[in-house]
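Secondary and tertiary structure notes
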Amino acid sequence: MIFKFAEVGKDGTPTGNVLNQWEFNPKQERFWKSKAKIILFSGGFGCGKSLMLVLKAIDLALRYPGNFILMGRQTYIQLRDTLIKEFTTLCPEYLLDGDFRRGEMKAVFKNGSEIIFRHLDKMSENEIRSMNLGAAFIDQAEDVSEAVFKALRGRLRREGIKEGDRKIYMSINPEFTWHYAAFKQNPRPDYELIEGSMLDNRKNLPEEYIKDHLELEKTDPDYFKQYVLGMWDDSLLAKNAVIPQEYVNKLLLIQKKPIRTVEGIDIYHEFIPRHRYQMGIDVAEGSEEETEKKDKSSITLVDLTTLEEAAHWTGQLPPDVVSEKAAFLARMYQDKKTEPVTIVPEMNSIGLTIVNKLQKEDDLYLYRREEFDKSVGKRLKKLGWRTTRQSKPLLVNHFVELMRKRNPRVYSKTTVSQMKTFVYSDEARKSGMGAKTGFHDDDVMSCLLAFFEKGEVTPGVVLRKEEKSGRISIIV
């Protein structure tokens, strides 16, 4: 497919010459012809993503007189130095009604269509609500929040535009943002993901540029896969990941399905008398930014004797119902001859409801933390786990130490998946660590709570009988 701008004389008639033309590669052509409502072009550097956004915006502005289109990037500097610059370079002046209006950051076409350029970090919800868009384009969408995206989607209501052409087009570098969950893990039927590589656009790039990036395959293979080949899969962990990749990979190798499901709870191994069990509970607080994908509550039960996950549940239920689910599971793994399951509920904010509910049960045991009480001037035992910037690293460091010295087994697929996007964060509410924007960490937190024990982690000792000699070997 070839897209071209024809030259026009002073009288407005075509001269027969071509100002500029582009031959689309297969990925670009697929982007151009997509029938989806939301189109995301993901790919390596130089694969022609931004070019396609600009050309498609111009096409829709010309096709529908009076159209009103938004093109955005996260910051003003990015918008000015990349998107606006590319637009003014590519769009022929004869299509516009005067020069590009830099003060208003918009282009007005002779047919009455307008393309406005906005930096999305400072764009208010009120400004978005007042818009009546025919289409929206977001460049470098990995920097833009899901809340802004949803607000723009709700503005696609301009009359006179064919229903199939009121769309959102986005480009993204392959990074672990909310887009990964929305377009790869659980894609909606009206979403389309197009993945490209720098090499798809090789004929339009300087050979020296290609050569420099090909050398990265040896010097920085992870960067090469992500930003040259445009690979976007689970093998690429989020930047600043808290759980080392090598440990996540170990857990991926031992994934298994539950042996049965009881009351929505996945059971991985049955109760073994005299084994020590511990349960971690993370209760969802919810998020105003996420209406379609609210946080979930999570319960993880582990066998501390064998260091393996015994049961797991996750779902969206009121806190008092979550406490009933936790009590039911705890009683499955304790009897009169076995010490009760230690329940470790995260009790920040809404978690206090769980603590208050469970402490009324005589046969259940709740974790006690030590906390200095200023009112009495001494340390007191208090119920539940309080997550702070100081206590959260204790959970993480203990689990990482377990992975290094022992062999804990986590079988829940969602838990291990969340570990990939559990990152260091500056957000106050995440206490230094938390899910990358657009992802969740409920299962990770319940897992960390379930495995946590005070004290130093010591290497495990395993007794194994040698097959030939019958000797007993000690493996440390």
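Conventions and cut-offs
- Within each chain, residues carry numbers counting from 1 in the order of the written sequence.
- Since the coordinates come from a predicted model, pLDDT governs what is reported: local features require at least 70, and pairs of side-chain atoms require 80 or more to be given and counted, while whole-chain, interface and lining totals use all residues.
- Side-chain numbers here rest on the full set of heavy atoms in the structure, without hydrogens or water.
- When DSSP finds at least two bridges between two strands, those strands are taken to pair.
- Strands here mean DSSP runs of E at least two residues long; helices mean DSSP runs of H or I at least four residues long; both are numbered from the N terminus.
- Only heavy atoms enter the contact rule, under which two residues are in contact if any of them lie within 4.5 Å.
- Between N-to-C directions, angles cover 0 to 180 degrees, with each direction set by a line fitted to C-alpha atoms, over the stretch in contact for helices.
- The predictor attaches a confidence to each residue, called pLDDT, with possible values from 0 through 100.
- N or O atoms within 3.5 Å of each other form a polar contact, as long as, within protein, one can give a hydrogen and the other can take it, and as long as residues adjacent in sequence are counted only when both atoms are side-chain atoms.
- When a carboxyl oxygen of Asp or Glu lies within 4 Å of a side-chain nitrogen of Lys or Arg, that pair is called a salt bridge.
- Burial here depends on accessible area, computed with a 1.4 Å probe over protein chains only, as a share of the maximum for the residue type. Under 20% is buried, over 50% is exposed, and the range in between is partly exposed.

**Regarding the sheet that holds strand β14 (residues 308-315)**
Spatial ordering of the open sheet is given by β10-β11-β14-β13-β12-β15-β16, a layout of 7 strands whose pairing is mixed. Only two strands of the sheet have a single partner each, and these edge strands are β10 (260-262) and β16 (365-366). Relative to strand β11 (residues 265-267), β10 runs antiparallel, the two sharing 3 bridges. Following the sheet pairing, R260 is matched in β11 by I267. The strands touched by helix α12 (residues 351-358) within the sheet are β12 (277-282), β15 (342-345) and β16, with β15 carrying the most contacts at an inclination of about 155°. Strands β12, β13 (297-303), β14 and β15 of the sheet are contacted by helix α15 (residues 442-451), whose axis makes an angle of about 150° with β12.

**Overview of the confidence of the model for the protein**
For the protein, the mean per-residue pLDDT works out to 86, and 89% of the residues sit at or above 70. Note that residues 462-476 has pLDDT below 50 and, in this model, 20 contacts with residues that lie over four places away or in other chains.

**Thoughts on the side chain of D441**
Relative to the helices and strands, D441 resides in the loop between β20 (433-435) and α15. Among the polar contacts listed, one links the side chain of D441 to the backbone nitrogen of A435, at a separation of 3.3 Å. If near-sequence neighbours (up to four positions away) are discounted, D441 is found in contact with Q418, F422, G434 and A435.

**Considerations on the pattern of salt bridges**
Taken as a whole and judged by the stated rule, the model has 24 salt bridges. Close ionic contact of R276 with E453 constitutes a salt bridge, the shortest N to O distance being 3.0 Å. Note that R276 is positioned in the loop between β11 and β12 and E453 in the loop between α15 and β21 (462-465), a separation of 177 residues in sequence. Using a relative accessible area of 32% as the deciding quantity, one classes R276 as partly exposed. Several salt bridges converge on common partners, so that one network encompasses K56, D59, R63 and D165.

**Side note on the side chain of T300**
Within the element layout of this structure, T300 appears in strand β13. Side-chain polar atoms of T300 contact the side chain of S446, separated by 2.7 Å. Apart from the residues lying within four places of it in its own chain, the contact partners of T300 are Q278, M279, G280, E309, A311, H312, D443, S446, C447 and A450.

**Let's talk about helix α9 (residues 221-228)**
Note on helix geometry: an α-helix contains 3.6 residues per turn, so any two residues three or four positions apart are oriented the same way. Residues of α9 that are buried include every one of F224, Q226, Y227 and V228, and no others. Where α9 is buried, its residues meet α7 (207-214) and α8 (216-219). Where α9 ends, the next residue or the one after it, G230, has phi of about 75°, a positive value.

**What to know about unusual backbone geometry**
Positive phi outside glycine occurs at E263, with the angle close to 55°. A residue is classified by how much of its surface remains accessible, and E263, at 55% relative accessible area, is exposed. A positive phi angle is found at R274, which is not glycine, with a value near 75°. Within the secondary structure, R274 sits in the loop between β11 and β12. Judged by its relative accessible area of 65%, R274 is exposed.

**Some details on the sheet that holds strand β8 (residues 168-172)**
Taking strand neighbours across the sheet as the criterion, the 7 strands line up as β5-β6-β4-β7-β8-β3-β9 in an open arrangement whose pairing is mixed. Strand pairing shows two members of the sheet lacking a second neighbour, β5 (106-108) and β9 (191-196), which therefore form its edges. Going across the sheet, the axis of each strand differs from the next one's by a mean of 15°, ignoring polarity. With 5 bridges joining them, strand β3 (residues 38-43) and β8 adopt parallel strand pairing. Each bridged residue has a counterpart across the sheet, and for L40 the counterpart in β8 is M170. Of the strands in this sheet, β3, β4 (68-73), β7 (135-138), β8 and β9 touch helix α5 (residues 146-153), which is tilted by about 155° from β8.

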